[in-house]
Amino acid sequence: SQTIHQWPATLVQPVGSPLSLECTVEGTSNPNLYWYRQAAGRGLQLLFYSVGIGQISSEVPQNLSASRPQDRQFILSSKKLLLSDSGFYLCAWNKGQGGYGYTFGSGTRLTVV
Amino acid sequence: GENVEQHPSTLSVQEGDSAVIKCTYSDSASNYFPWYKQELGKRPQLIIDIRSNVGEKKDQRIAVTLNKTAKHFSLHITETQPEDSAVYFCAAPAEAGTALIFGKGTTLSVSS
């Protein structure tokens, strides 16, 4: 069966520090991978998605970036965090060209101080 | 691109009542409409979905209806229970049909 791992679970970082969040999927090949952010009490904002190694689509221009160095690995990064980057970051995967529900990772709660 | 509007933002019902949450979408080419439930501090989980070739789908106390002409779909929960209390999100595929665009969520509170 397929599983998705996301870490760390919580993170407190100072403003201006770098960020690296990792997500991996097991039990499948060539998944579509996604990063979403959820601000406190708010909806799910699509940040990046990837349909293959090295293929990244950005939905929101900001100081975040994403990379997919391996088929089942998706990394969210920032060189310098802002206070507004605080939130609940969720990685998700699915198969196929739309039409299939996501499975979300357990999320990373990021607090920028 | 796709735009998904969700109403209401909050919904309070008594245990045993029904709850209905409605979403509208903008892209007439969208063909897949999932609903997610998110409990406090946890990840969203898929509870039901519907494809554009079907008008209604049921799973025990949960049902989803789709009106393609009007471009809206709804989540219906019957005989609500306190454990149904959560935030519910609807979604539709973005242009090009890969990523999902989510509504802003509905906080459902079921009081006993």
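Fair warning: this is a prediction, and the values are worked out from it, not measured in the lab.

Enquirer: Which residues make up the side chain of B:Gln38, and what are the values?
Expert: Its location among the elements puts B:Gln38 in strand β4 (residues 32-38). Classification of B:Gln38 by relative accessible area gives buried; the value is 7%. A polar atom in the side chain of B:Gln38 sits 2.8 Å from the side chain of A:Gln38. Not counting residues within four places of it along the chain, the set of residues in contact with B:Gln38 comprises A:Gln38, A:Phe88, B:Arg43, B:Pro44, B:Ala86, B:Val87 and B:Phe89.

Enquirer: Break down the sheet that holds strand β1 (residues 3-7) of chain A for me, with residues and values.
Expert: Residues and elements named next belong to chain A. Reading across the sheet, the four strands line up as β1-β3-β8-β7 and stay open at both edges, with antiparallel pairing between neighbours. Edge strands, defined here as strands with exactly one partner in the open sheet, are β1 and β7 (64-70). Averaged over all pairs of adjacent strands, the angle between their axes in this sheet comes to 15°, without regard to strand direction.

Enquirer: Give me the lowdown on the packing of aromatic side chains, citing residues and values where you can.
Expert: Tallied over the full model, the rule gives 16 aromatic pairs over all chains. Centroid distance A:Tyr36 to B:Phe102: 5.3 Å. Interplanar angle 90°. Geometry classified as edge-to-face. One end of the pair, A:Tyr36, is in strand β4 (residues 32-38); the other, B:Phe102, is in strand β10 (residues 100-102), on a second chain. Accessibility assignment for this pair places A:Tyr36 and B:Phe102 in one class, buried. Taken together, A:Tyr34, A:Tyr36, A:Tyr49, A:Tyr102, A:Phe104, B:Tyr36, B:Phe89 and B:Phe102 form an aromatic cluster joined through their ring pairs. Taking NZ or CZ as reference, A:Arg109 lies 4.3 Å from the ring centre of A:Phe88, over its face.

Enquirer: Describe the sheet that holds strand β8 (residues 72-77) of chain B, listing the residues and the values that go with them.
Expert: All names here are of chain B. The five strands lie next to each other as β1-β3-β8-β7-β6, forming an open sheet whose pairing is antiparallel. Both edges of this open sheet fall to β1 (4-7) and β6 (56-59), since each of them pairs with a single strand only. The sheet shows a mean angle of 15° between the axes of neighbouring strands, taken without regard to direction.

Enquirer: An account of the interface of chain A and chain B is requested, with residue identities and associated values reported.
Expert: Contacts between the two partners involve 22 residues from chain A, matched on the other side by 19 residues from chain B. In this assembly, chain A packs against chain B so that about 1,600 Å² is buried in total across both faces, 56% of it on carbon and sulfur atoms. Where chain A packs against chain B, one counts zero salt bridges. Counting the contacts that link chain A with chain B gives six residue pairs in polar contact (both at pLDDT 80 or more). Every element with two or more residues in the side of chain A that touches chain B is listed here: β4, β5 (44-52) and β9 (87-94) of chain A. When residues of the side of chain A that touches chain B are assigned to their parent elements, the largest contribution, four residues, is made by β5(A).

Enquirer: I'd love a proper account of the pairing of β5(A), names of residues and values included.
Expert: Residue and element names in this part refer to chain A. Summarising burial for β5: seven of the nine residues are buried, a large majority. For β4 and β5, the ladder comprises six bridges, and the chain directions are antiparallel. Bridge assignment links Trp 35 to a residue of β5, and that residue is Phe 48. Between β4 and β5, which pair antiparallel and follow one another directly, the connecting turn spans five residues, one of which, Gly 41, has a positive phi of 70°. For β5 and strand β6 (residues 55-58), the ladder comprises three bridges, and the chain directions are antiparallel. The residue of β6 that forms the bridge with Tyr 49 is Ser 57.

Criteria and thresholds
Residues numbered from 1 in each chain as written. Chains lettered and ligands numbered in written order. Predicted model: local features only at pLDDT ≥ 70, side-chain atom pairs only at ≥ 80, totals over all residues. Heavy atoms only, no water. Helix = DSSP H or I, 4+ residues; strand = E, 2+ residues; numbered from the N terminus. Buried < 20%, exposed > 50% of the residue type's maximum accessible area, 1.4 Å probe, protein only. Polar contact = N/O pair within 3.5 Å; in protein donor to acceptor, adjacent residues only side chain to side chain. Contact = heavy atoms within 4.5 Å. Pairing = 2+ DSSP bridges. Axes fitted to C-alpha atoms, helices over the stretch in contact; angles between N-to-C directions. Phe/Tyr/Trp six-rings, centres within 6.5 Å; stacked < 30°, edge-to-face > 60°. Lys NZ or Arg CZ within 6 Å of the ring centre and 35° of its normal. Buried area = accessible area lost by both parts, 1.4 Å probe. Salt bridge = Lys/Arg side-chain N within 4 Å of Asp/Glu carboxyl O.

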